[in-house]
Amino acid sequence: MNQADRLRRLNSAVMTTLTAVCTFVAVGILAVILGYIAWRGIGAVNLRFLIESPQPVGEGGGIGNAILGTLILLLLSSAIGLPLGIATGVYLSEFGTGRFGSAVRFVADTMTGTPSIVVGVFAYAVVVLPLKHFSALAGGIALAIIMIPIVSRTTEEMIRLVPQSLREGALALGAPQWRVTLGIVIPAASSGIVTGAMLAIARVSGETAPLLFTAFGSRFFSYYLDQPIASLTVQIYNYAISPYDEWHAQAWAATLVLMSIILTINIGVRILTRKRF
Amino acid sequence: MSDEPSTASFPTRRQRLPTLLGRWRRSLSPTGNTGDAIFKAAMFSAGLLLLVLVVSMVVALLSDSMLSLRQFGFGFLTGQAWNPIKGEFGALPFIYGTIVSSLIALLISVPLSLGIAIFLVEQAPYYLARPVGFLVELLAAIPSVVYGLWGIFVLAPVLRVYVEPFLAKWFGFLPLFQGSITGIGLLTGGIILAIMVTPIISAVVRDVLEAVPSSQREAALALGATKWETTRVVLVNGVPGIAGAIILGLGRALGETMAVTMVIGNRPQISISLFEPGYTIASAIANEFTEATQDLYLSALVELGLILFLVTFLVNGAARLLVRSVTRRTAGAGAPV
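In this text, all values refer to a predicted model and were calculated from it rather than measured experimentally.

Q: For this particular structure, what's the right way to read the overall build of chain A?
A: Across its full length, chain A carries 11 helices and zero strands. Computed over C-alpha atoms, the radius of gyration of chain A comes to 23 Å, more than 25% over the 19 Å expected from 2.2 N^0.38 for 277 residues, which places it beyond the range of a compact globule. By the burial criterion, 49% of the 277 residues in chain A qualify as buried.

Q: Even after reading the chapter, I still don't get the overall build of chain B, so can you show me in this structure?
A: Helix and strand counts for chain B come out as 14 helices and two strands. Considering chain B as a whole, with its 337 residues, one finds that 48% of them fall into the buried category. Intrachain contacts of chain B at a sequence separation of at least 6 include 74% that bridge at least 24 residues.

Q: Is there a simple way to explain the interface of chain B and chain A in this structure?
A: Frequently, the measure chosen for interface size is the accessible area removed from exposure when the parts meet. The interface of chain B with chain A comprises 76 residues on the first partner and 77 residues on the second. The biggest single contributor to the side of chain B that touches chain A is helix α2 (residues 34-64) of chain B, with 18 residues. Per-class residue counts for the side of chain B that touches chain A are 49 nonpolar, 20 polar and seven charged.

Q: I keep staring at the domain arrangement of chain A and nothing clicks. Help me out?
A: Partitioning chain A into domains gives domain 1 (3-42) and domain 2 (48-272). With five residues of domain 1 of chain A in contact, the opposing surface of domain 2 of chain A contributes five residues.

Q: Whenever I open this one, the packing of helix α3 (residues 64-94) of chain A against helix α6 (residues 136-160) of chain A confuses me. Can you help?
A: A packed helix pair is summarised by two numbers, namely the angle formed by the two axes and the spacing between the axes. Residues and elements named next belong to chain A. Between α3 and α6, whose axes approach to 6 Å, the crossing angle comes to 35 degrees. Every pair of crossing elements has a handedness; the one defined by α3 and α6 is right-handed. Within the contact of α3 with α6, the residues separate by chemical class into 17 nonpolar, 10 polar and three charged.

Q: Looking at this structure, I do not really get unusual backbone geometry. What am I missing?
A: Negative phi is the rule for most residues except glycine; trans is the rule for most peptide bonds. All names here are of chain A. Positioned with a positive phi, K132 is a non-glycine residue whose angle comes to about 70 degrees. Relative to the elements of secondary structure, K132 occurs in the loop between α5 (116-131) and α6. Overall, the presence of 7 C-beta atoms within 10 Å leaves K132 in the exposed class. At F216, a residue that is not glycine, the phi angle is positive and equals roughly 70 degrees.

Q: Before we go on, may I ask you to explain helix α4 (residues 99-111) of chain A in this structure?
A: Between its first and last C-alpha, α4(A) extends 18 Å over 13 residues, near the 18 Å set by a 1.5 Å rise per residue. Looking at α4(A), one finds that the buried residues are V104(A), R105(A), V107(A), A108(A), D109(A), T110(A) and M111(A). In this fold, the buried residues of α4(A) make contact with α3 and α6 of chain A together with α2 and α14 (295-327) of chain B.

Q: It is not clear to me how the nonpolar core should be interpreted in this structure. Could you clarify?
A: For soluble globular proteins, nonpolar side chains are generally found buried alongside one another. The biggest cluster of nonpolar side chains holds 177 residues, and the ones touching the most others in it are M147(A), I236(A), I192(B), I285(B) and L304(B). Examining the composition of this core, we find that 16 residues originate from one element, helix α8 (residues 186-211) of chain B, more than from any other. When near neighbours in sequence (up to four residues on either side) are disregarded, I192(B) contacts Y147(B), G151(B), L155(B), A259(B), V260(B) and V263(B).

Q: What exactly am I supposed to notice about helix α9 (residues 190-205) of chain A here?
A: Residues and elements named next belong to chain A. Taking 1.5 Å of rise per residue, the 16 residues of α9 would be expected to cover 22 Å, and the 22 Å separating its terminal C-alpha atoms lies within 8% of that figure. Those residues of α9 that fall on the buried side of the exposure criterion are G192, I193, T195, G196, A197, A200, I201, A202, R203, V204 and S205. Tucked into the core, α9 has its buried residues touching α3, α6 and α11 (245-272).

Q: Mind showing me how you'd approach the domain arrangement of chain B here?
A: All names here are of chain B. The domain boundaries assigned to chain B delineate domain 1 (13-64) and domain 2 (73-327). Computed from C-alpha coordinates alone, the two centres of domain 1 and domain 2 are separated by 40 Å. In this assembly, four residues from domain 1 lie in contact with five residues from domain 2.

Q: What am I meant to see in the environment of I181(B) here?
A: All names here are of chain B. Topologically, I181 is positioned in the loop between α7 (144-171) and α8. Owing to 17 C-beta atoms within 10 Å, I181 belongs among the partly exposed residues under this scheme. Distance in space between the C-alpha atoms of I181 and R160 is 6.2 Å, their sequence separation being 21 residues.

Q: I'm lost on the packing of helix α1 (residues 3-42) of chain A against α11(A) in this one. Help?
A: All names here are of chain A. In the contact formed by α1 and α11, the axes pass within 7 Å of each other and the chain directions differ by 125 degrees. The orientation of α1 with respect to α11, classified from their angle, is oblique. For the pair α1 and α11, the sense of crossing is left-handed. For the pair α1 and α11, contact is made by I37, A38, R40, G41 and I42 and by W252, A253, T255, L256 and M259, respectively. Looking at the contact of α1 with α11 residue by residue, the classes come out as seven nonpolar, two polar and one charged.

Q: Quick question: what am I supposed to make of the environment of H248(A) here?
A: Checked against the element boundaries, H248(A) lands in helix α11. With residues up to four places along the chain from it excluded, the contact list for H248(A) reads Y239(A) and A240(A).

Q: Quick question: what am I supposed to make of the environment of G268(A) here?
A: Structurally, G268(A) can be placed in helix α11. Taking the C-alpha atoms as reference points, G268(A) and T195(A), 73 residues apart in sequence, are found 9.5 Å from one another.

Q: Before we go on, may I ask you to explain the confidence of the model for chain B in this structure?
A: A low pLDDT score tells you not to read the predicted coordinates there in detail. Residues and elements named next belong to chain B. With 88% of its residues at a pLDDT of 70 or more, chain B has an overall mean of 88. Across residues 1-9, where pLDDT falls below 50, the model places eight contacts with residues more than four positions away in sequence or in other chains. Every residue in residues 330-337 scores below 50 in pLDDT, and together they form 23 contacts with partners more than four places removed in sequence or on other chains.

Rules and cut-offs
Each residue is numbered by its place in its chain's sequence as written, counting from 1. Chains and ligands are labelled by the order in which they are written, letters from A for the one and numbers from 1 for the other. With pLDDT at 70 or above as the cut-off, local features in this predicted model cover only qualifying residues; side-chain atom pairs require 80 or more to be listed or tallied, and sums for whole chains, interfaces and linings still use all residues. Going along the chain from the N terminus, every DSSP run of H or I of four or more residues is numbered as a helix, and every run of E of two or more is numbered as a strand. Taken over C-alpha atoms, the radius of gyration is set against a globule rule of 2.2 Å times the number of residues to the power 0.38. The exposure label follows from counting other C-beta atoms within 10 Å of a residue's C-beta, where the C-beta atoms are placed from the backbone and the thresholds are 20 or more for buried and 12 or fewer for exposed, leaving partly exposed in between. What counts as a contact is two residues whose backbone-derived C-beta atoms lie within 7 Å of each other. Only Asp, Glu, Lys and Arg are considered charged, only Ala, Val, Leu, Ile, Met, Phe, Trp, Tyr, Cys and Pro nonpolar, and every remaining residue, Gly among them, polar. Residue ranges for the domains trace back to a domain assignment, done automatically or taken from a database. To define axes, lines are fitted to C-alpha atoms, for helices over the stretch in contact only, and angles between the resulting N-to-C directions are given on a 0 to 180 degree scale. Handedness of a crossing follows from how the near helix is turned relative to the far one, being left-handed for an anticlockwise turn of less than a right angle and right-handed for a clockwise one. Given a helix with a known number of residues, its expected span is that number minus one, times 1.5 Å. To define a nonpolar core, we join buried Ala, Val, Leu, Ile, Met, Phe, Trp, Tyr and Cys residues through C-beta atoms within 7 Å and take the resulting set. These descriptions rest on fixed angle ranges, namely under 35 degrees for roughly parallel, over 145 for roughly antiparallel, 65 to 115 for roughly perpendicular, and the rest for oblique. One confidence number per residue, pLDDT, is output by the predictor and ranges from 0 to 100.

So this is what it looks like as structure tokens:
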């Protein structure tokens, strides 16, 4: 082997090792972040922390109202966002072949990258200003707007995986198209659609920016849709930027709770769909 | 199965209205089935709603920022002073902070993401590539506010104690690395952003590399190319898609809010030094929106939102077109959620 070839091989070995190092760095950062959250959070999580509402500094308190608020916001945004997102996905996969379909697809793709803070400003303009105060409704609408493009694109992709022969068979038996889509295609793709919906819920459950001036946050238990409502993320933010050590500890504990929910959904979906992807 | 032929002769007066209705119905459903027409109309309106939503976002942001648009005009973008008490609103410090922090993010995350994608697609064995790829994607599942929390209490102290003194010592002759060392500033914001956009860029680059036909690899290997030389051939084939992935990451970095807000220092100033605090468009909105009591102040913040929306929409649109040009053949290279 001559000198030039030896150099080429050395170069190849160095570069391929470097790519492995890059991957190792990324996985290492993930491990450091998750490990640190677990280490700081585990000590402060107990039953009282999970069910109590916040108290002044020095008196303990918990995140019960924030957990309830996050659940209400997620229910509200799912009720609005999932039907619209799934319907858009069905339109894109079953009818969206023309120019209008591509326009919707392009806008959905581009919307998934829209900064969530902008969605918050929009929800403020169309819901908070007319109602004249912060409300859970405004927060739910903001989260739903973030959900719709995500759900529509995953739904479209999942429905496209359903074999064409299934549709043709049903049509050949004389079923109208709406029955084919609702009765054959969507059930066949249902697990994929549920997966997409779960991932969208996991994504918006971590959103903070669109809630800051829509749902706003609250230190009390509330289930009224026209009143400000607490959420885990906004609570974490408020505690993180506060000057008190006790609240910092609570922020880490709340983060542990939030991350457990999000990771459970992500890993659960991964395990359930391992065969398909 | 249409009961009336579409090439009907002149409709009599009695038939005219039903024919028009029928034509509309046939356009919705070629089979003439009422259920089909209703179903398609319902699905269509959901799609239409998405377009209406985007248009109404632009309209709402425009109308609510009209006051500021009228008052400052183009000068809003070039004004350097942001002083709500005096009624001075110039967005340049925010634009500067947004661009600088995003550039730092790309500078770090692009090589990292390319390395990850190349490793996972070209080098790692199948049993390793899938779980490791999933772990990298999990970085994208961590919420922004959690990155912010981690940034305040872990990253910023590490930068203050180890990294920034090191940079100041060895690269202190550059104006970039001069000034007081606090651990909170443009550099910290950029690094947090880099971690956040890495999973996004690497996921799209993976899609792009996987779309390059394996005949390219086989040809290179058959000519005696080494592993790395083969990879370079693959990379050349994917250039538009990789460019798209990077621009997509840029779009995400420009609009990231919470994590940056928590570590960048939030001071509206333009400084060369990366150690100094800065401010981004998104964090200005997040911090000051609920404090804005005067109409003009609120209007200026909404205008910031409008700018951010239009810029990220253009950036993301361009990125999608680039990525799609490469991955079109493999159906549905969707969003890396």
